[in-house]
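# Structure at a glance
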Amino acid sequence: MRRDIFQAIADPTRRAILVLIAVQAMTPNAIAEHFDITRQSISKHLRILSECDLLAKKQDGREIFYELKIDRMKEIDSWLDQFRKITEEKFQNLDQLLFTLKNKKK
Amino acid sequence: MNLLFDFKVDKAAKAIYITREFAADLDLVWDAFTKAEILDQWQAPKPFKARTKEMNFQEGGRWLYAMVSPDNVYHYSMVEFLEIRPKSSFSTRNTFADENGNPKTNAFSLVKNSFTAGTEKTTVHIEKKIR
């Protein structure tokens, strides 16, 4: 299942995980050591982050390391940036239109 | 005239808060946000055009419109009106749809538009929550 990327960052634990693995690739156990919650719920958060396509998995011997896919995080920012630009442009259209409509009324 | 534009993002809450002033009275700004013939004239960023297919501005009603690309491809969106307080606020549920208003994805946003009359201008506050 593919999830909406916003779902990943809605949860504070997942945000904390993203901060951890942004610095270095980590094993699930090493990640779990940073939290006061069960290994099982860490696995659940990692699964959700994977489904959001935010995690890259690397196998090193018997260990699996997770790291952050930085490009995907940037997508949120570029979407917001785009949305802001479109909103600004729409409102500038409206400014002009309101000006025309006001003059018609007079 | 200097018109305020404020755009705030709360990523954790998946919410966007926009405040914008317009140099017109409340009646005109309200109409610009709620009447299809006016909406069609400003909703689309260039080079797109906005074209309304259906508009029923009442609680439970919907606005089905398309963003039309320069090569004439219609991208439909549907806005369902949840609550309307005339000349004060209205809230909507927005989705991408097909030409008949069937949603294209599970994702939607909840939007509340609030209007405040000022001296020679009207302030519009928009709260958009992505779900």
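Residues numbered from 1 in each chain as written. Chains lettered and ligands numbered in written order. Predicted model: local features only at pLDDT ≥ 70, side-chain atom pairs only at ≥ 80, totals over all residues.

## Some details on the overall build of chain B
Within chain B one finds two helices and eight strands. Secondary structure elements of chain B, listed N to C terminal, follow the sequence β-β-α-α-β-β-β-β-β-β. The C-alpha radius of gyration computed for chain B amounts to 15 Å, which stays within 12% of the reference 14 Å derived for 131 residues, consistent with globular compactness. Oriented by its inertia axes, the alpha-carbon framework of chain B measures out at about 40 × 35 × 30 Å. In chain B, buried positions account for 20% of the 131 residues. For chain B, the share of sequence-separated contacts (at least 6 apart) that also reach a separation of at least 24 residues comes to 27%. (Helix = DSSP H or I, 4+ residues; strand = E, 2+ residues; numbered from the N terminus. Rg over C-alpha atoms; globule rule 2.2 N^0.38 Å. Buried ≥ 20, exposed ≤ 12 C-beta atoms within 10 Å, placed from the backbone. Contact = placed C-beta atoms within 7 Å.)

## A closer look at the overall build of chain A
Looking only at helices and strands, one finds five helices and two strands in chain A. Overall, chain A shows an N-to-C arrangement of helices and strands of α-α-α-α-β-β-α. The C-alpha atoms of chain A give 21 Å as radius of gyration, which overshoots the globular expectation for 106 residues (13 Å, by more than 25%). The dimensions of chain A, computed from C-alpha atoms along their principal axes, are 75 × 25 × 25 Å. Considering chain A as a whole, with its 106 residues, one finds that 14% of them fall into the buried category. Across chain A, contacts joining residues at least 24 apart in sequence account for 55% of those joining residues at least 6 apart.

## Observations concerning the nonpolar core
Within the largest apolar cluster, twelve residues are counted, these being Ala8, Ile17, Ile21, Met26, Ile31, Ala32, Leu46, Leu49, Leu54, Leu55, Tyr66 and Leu68 of chain A. Looking at this core, the elements that each hand over two or more residues are helix H2 (12–23), helix H3 (28–32), helix H4 (39–51) and strand E2 (63–68) of chain A. Core analysis: the second largest hydrophobic core is formed by eleven residues, Leu94 of chain A together with Phe22, Ala24 and Ala32 of chain B among them. (Core = buried A, V, L, I, M, F, W, Y, C linked by C-beta atoms within 7 Å.)

## A word on the domain arrangement of chain A
Residue and element names in this part refer to chain A. Its domain assignment divides chain A into domain 1 (1–68) and domain 2 (70–106). For domain 1 and domain 2, the distance between their C-alpha centres works out to 36 Å. In this assembly, four residues from domain 1 lie in contact with five residues from domain 2. (Domains from an automatic or database assignment.)

## Describing the interface of chain A and chain B
Counting from both sides, the interface comprises 19 residues of chain A and, opposite them, 19 residues of chain B. Every element with two or more residues in the side of chain A that touches chain B is listed here: helix H1 (5–10) and helix H5 (70–105) of chain A. The greatest single-element share of the side of chain A that touches chain B, amounting to 15 residues, is contributed by H5 of chain A. The residue makeup of the side of chain A that touches chain B, split by class, is ten nonpolar, two polar and seven charged. (Nonpolar A, V, L, I, M, F, W, Y, C, P; charged D, E, K, R; others polar.)

## Concerning the packing of H2 of chain A against H4 of chain A
A pair of packed helices is captured by two measures, namely the crossing angle of their axes and the spacing between those axes. Residue and element names in this part refer to chain A. Between H2 and H4, the shortest axis-to-axis distance is 10 Å and the interhelical angle comes to 75°. Relative to H4, the element H2 is oriented roughly perpendicular. Residues Thr13, Arg14 and Ile17 of H2 pack against His45, Ile48 and Leu49 of H4. Within the contact of H2 with H4, the residues separate by chemical class into three nonpolar, two polar and one charged. (Axes fitted to C-alpha atoms, helices over the stretch in contact; angles between N-to-C directions. Parallel < 35°, antiparallel > 145°, perpendicular 65-115°, else oblique.)

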